[in-house]
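# Architecture at a glance
Listed below, chain by chain, are the residues.
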Amino acid sequence: PREFYLSRHGQSEYNLVGKIGGDSGLTEAGLEYARRLADFAKDVVATKVVVDEKTGEERREVRPARLWTSTLRRTKETAQFIKQESVTFKWDNNDEGNPSVKWIQFKGRARRNLDELYAGVCDGLTYQEIKEKFPEEFARRQENKLTYRYPRGESYMDVTLRLEQIVLDIERTREPILIVAHQGIHRLLYAYFMGLPREEAPFVSIPLNTVIELRPHAYGCEEKRYVLLS
Ligand code: F6P
């Protein structure tokens, strides 16, 4: 696409108490972000600004768009208002003297490859609890965050492999895409598209409540960040 958009889910119950992984739902603040994201989806992702050749005036036109979430509760809840409220709207072609009315939608899809890096035996713990229960694991992860694999879980490198298909799909999709996923996932996608070295990926800042717009060009991407809730 000409541009695509990365968003983490809104604040989850686990975010609030500092637990990693799991499959918790959203907090009140998370739901507020979900509502704002729905407006953003409608006004920015599924809209394009066209300049009228004759008058030079700008007008906004609806464009079809894609919505991908992970299969986890928190991303689906974050996208819920997009499906229910902003998704379907009228596109009136009266400009060309054509009275036909089209209905355009976000095409939504939940994809397992977008699920958060799985922390195996550490899933559902806080970092403090991991440090106490599995001190050696905690230390090893600090040594090499990119290749460290949680016992019975995944490493960032593992996740890179399952994101290959996602990257291919992003590259060949023509419509703008809004991807609602997770911190670890977006770190890798961001690093890939920005051309950052792999080693830096696990440390990229992907804050909550923020949409990152990426516009691919010949070498890397142009980036714009929208803070929807502070
Ligand atoms: O804390 C939110 C979260 O998405 C966790 O679910 C996940 O394990 C973690 O971030 C990934 O961040 P890091 O790799 O820095 O631990």
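Description of the structure in this document.

Definitions and limits used
Residues numbered from 1 in each chain as written. Predicted model: local features only at pLDDT ≥ 70, side-chain atom pairs only at ≥ 80, totals over all residues. Helix = DSSP H or I, 4+ residues; strand = E, 2+ residues; numbered from the N terminus. Near = placed C-beta within 6 Å. Nonpolar A, V, L, I, M, F, W, Y, C, P; charged D, E, K, R; others polar. Core = buried A, V, L, I, M, F, W, Y, C linked by C-beta atoms within 7 Å. Buried ≥ 20, exposed ≤ 12 C-beta atoms within 10 Å, placed from the backbone. Contact = placed C-beta atoms within 7 Å. Pairing = 2+ DSSP bridges. Axes fitted to C-alpha atoms, helices over the stretch in contact; angles between N-to-C directions.

### With respect to unusual backbone geometry
Phi angles above zero are rare outside glycine, and arginine 152 is one such case at about 60°. Of note, asparagine 209 is a non-glycine position whose phi angle comes to about 65°, a positive value. Relative to the helices and strands, asparagine 209 resides in the loop between helix 8 (183-194) and strand 9 (210-216).

### Comments concerning the site of the ligand
If you check the shell around the ligand, you find Ile20, Gly21, Glu116, Leu117, Ala119, His182, Gln183, Gly184 and Pro202 and nothing else. Here the residues of the shell around the ligand are counted per class, giving four nonpolar, four polar and one charged.

### Some points on the nonpolar core
Tyr5, Ala41, Val45, Leu178 and Ile179 are the most contacted members of the largest nonpolar core, which has 44 residues in total. With eight residues, the single largest contributor to this core is helix 2 (residues 28-45). Residues in contact with isoleucine 179, not counting those within four places in the same chain, are Phe4, Tyr5, Leu6, Trp68 and Leu114.

### As for the pairing of strand 10 (residues 221-227)
Bridge count for strand 9 against strand 10 is seven bridges, and the pairing is antiparallel. Counterpart to proline 216 in the pairing with strand 10 is cysteine 221.

### Concerning the sheet that holds strand 10
Here we have six strands laid out as an open sheet, ordered 7-4-8-1-9-10, and mixed in their pairing. Of all the strands in the sheet, the pair left with one neighbour each is strand 7 (106-110) and strand 10. With direction set aside, neighbouring strand axes in the sheet form an average angle of 20°.

Keep in mind these numbers describe shape, not what the thing actually does.
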